[in-house]
Structures are given as structure tokens and as C-alpha cells.
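# Secondary and tertiary structure notes
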Amino acid sequence: TQLLEQSPQFLSIQEGENLTVYCNSSSVFSSLQWYRQEPGEGPVLLVTVVTGGEVKKLKRLTFQFGDARKDSSLHITAAQPGDTGLYLCAGEDSNYQLIWGAGTKLIIKP
Amino acid sequence: ETGVTQTPRHLVMGMTNKKSLKCEQHLGHNAMYWYKQSAKKPLELMFVYSLEERVENNSVPSRFSPECPNSSHLFLHLHTLQPEDSALYLCASSQDLGEFHGYTFGSGTRLTVV
């Protein structure tokens, strides 16, 4: 069974701090997506990474795909209360299926 | 209206009731999905439709019955549910199957079975 493990499960920090969340697997993925889900809403796609070692930036968010395409990280610089939400990663396997992590619940306190 | 719209947003039903969840997209996408989201668990794929044909059923109990009358609409018919079926049910669409430029999700239906 393919698994995507996200860590930490929960993170609560002060506004202005930096943080990194991780998405790890023993399986190789063709691509990996990151979503943010706010309470009462569905997940919203943030980014898709495809190439091993790829780095993408979205304002204060930096996404990296591992060289072996088995893991990914999301780094947030100077976190703001608007970054609060559930961050989900999902990897595409060789059968074009999406394998989902359980998410990291992030709270940014003003 | 753009995006994926789900109704109702909240639903409370008894174990003997029959109800339906509705999903609508006007993005021109060819694939639609039903997911179940429970707290602290990964999203569980329930059903996949491509061009109105069901292509995957991940061993979902028969008390859940999907229907896709056209490429813009997807329903999930519910009957004789169990309390453990309480969850957030999400509908999503993508341009095509295996089109991993990302899914567009609806806001979900929060289902409570009493």
C-alpha cells in the first residue's frame, strides 16, 4: 500500500515565524501537488511539482520536490494569519492515481 | 457561475433516510470525482467518472450510489447509512483523467448520520 506521510500533523506558531512541513513516501511519484484547505471549504491547489529537485515559489511559500521524487517540502517565510489552514500533499503514482497525505493543520497566531 | 458547486452544504439524516448530494461544474472538465474526508485521515477516493462513465469504484459500500447524468453534474445517492459514514463529502473535477494540473474541489457537504 502506498502511503504519503505528512509531518507535523499539527503546528501552531506566531505570526512572522518561518516553518517547514514535510511530505514523505517510500514510493516514487510522477508529480506531487500541494493543496490548502480552509475550514468549511474544499482543498485549493497551490502548486504541482514534476521534476526531481524542482523548486517552485509562490510569494512566501517555497515548494521543493525531492531529487528521487519520493518526498516534498513546503516552507513558509514570515507566516501570516491568512496562512492558517490544512495543508495536503498528493502524489501521482504510475497508475495515474492520486495518493493523499492526511494533512498538516497549521495555525498562525497574530 | 464558475468552479465546482456542491449542495447541500450541511445534511443531517437518520439511518433509514434516503438523500442525495449534488455536484455541478461548469469548467468544461471531463472527469469528476467523489471523495470522503474524515478527520486526521487521507482523502478517500470513492468514485471516478470520465465522460459520464464510471471508471473506478474503490470498494465503496452499496449504500452509496453515484449517478452522472451528464459531464456537468454528479450525484451521490445515500440510503441506510451508518453513523461511521458521517464525514465531509467532497466533489472534484479535472480536465481529464490523469490530468494532474490539479483538481478543482467543491466546498463539500458535511454529512451527519444520526
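Residues numbered from 1 in each chain as written. Chains lettered and ligands numbered in written order. Predicted model: local features only at pLDDT ≥ 70, side-chain atom pairs only at ≥ 80, totals over all residues. Heavy atoms only, no water.

Moving on: the nonpolar core. Counting 23 residues, the largest nonpolar core has Leu 19, Leu 32, Trp 34, Phe 63, Leu 74, Ile 76 and Leu 106 of chain A as the members making the most contacts within it. Contributing elements (two or more residues each) for this core: strand 2 (10-14), strand 3 (19-24), strand 4 (31-37), strand 5 (44-49), strand 7 (61-65), strand 8 (71-76), strand 9 (85-92) and strand 11 (104-109) of chain A. Residues within four places of Leu 32 of chain A in sequence aside, it is in contact with Cys 23, Val 47, Thr 48, Val 49, Phe 65, Ser 72, Cys 89, Ala 90 and Gly 91 of chain A. Counting residues in each nonpolar core, the second largest holds 22 residues, with Met 13, Leu 76, Leu 78 and Leu 81 of chain B among its members. (Core = buried A, V, L, I, M, F, W, Y, C linked by side-chain atoms within 4.5 Å. Buried < 20%, exposed > 50% of the residue type's maximum accessible area, 1.4 Å probe, protein only. Helix = DSSP H or I, 4+ residues; strand = E, 2+ residues; numbered from the N terminus. Contact = heavy atoms within 4.5 Å.)

Moving on, we come to unusual backbone geometry. What is expected of a backbone is that most residues other than glycine have negative phi and most peptide bonds are trans. Look at the link from Ser 7 of chain A to Pro 8 of chain A: it is a cis peptide, with omega at -10 degrees. Relative to the assigned elements, Pro 8 of chain A resides in the loop between strand 1 (5-7) and strand 2. Phi is positive for Leu 51 of chain B, which is not a glycine, with a value near 50 degrees. Counting through the fold element by element, Leu 51 of chain B comes out in the loop between strand 5 (44-50) and strand 6 (53-57). With a phi angle near 70 degrees, Glu 52 of chain B is a residue other than glycine that sits in the positive phi range. The topology assignment puts Glu 52 of chain B in the loop between strand 5 and strand 6. A residue is classified by how much of its surface remains accessible, and Glu 52 of chain B, at 38% relative accessible area, is partly exposed.

What follows covers the pairing of strand 8 of chain A. Residue and element names in this part refer to chain A. Where strand 3 and strand 8 come together, six bridges link them in antiparallel fashion. Pairing of Val 21 across the sheet is with Leu 74, part of strand 8. Where strand 7 and strand 8 come together, five bridges link them in antiparallel fashion. The residue bridging Leu 61 from the neighbouring strand is Ile 76, located in strand 8. The antiparallel pairing of strand 7 with strand 8 creates a hairpin that spans five residues between the two strands, and Arg 69 there sits at a positive phi of about 60 degrees. (Pairing = 2+ DSSP bridges.)

Below, the discussion takes up the packing of aromatic side chains. The tally for this structure, following the rule as stated, stands at ten aromatic pairs over all chains. Ring centres of Tyr 35 of chain A and Phe 105 of chain B lie 5.8 Å apart, and the angle between their planes is 85 degrees; on these two criteria the pair is classed as edge-to-face. Residue Tyr 35 of chain A is located in strand 4, and its partner Phe 105 of chain B is located in strand 10 (residues 104-105); the two belong to separate chains. Relative accessible area serves as the criterion here: at 9%, Phe 105 of chain B is assigned to the buried category. (Phe/Tyr/Trp six-rings, centres within 6.5 Å; stacked < 30°, edge-to-face > 60°.)

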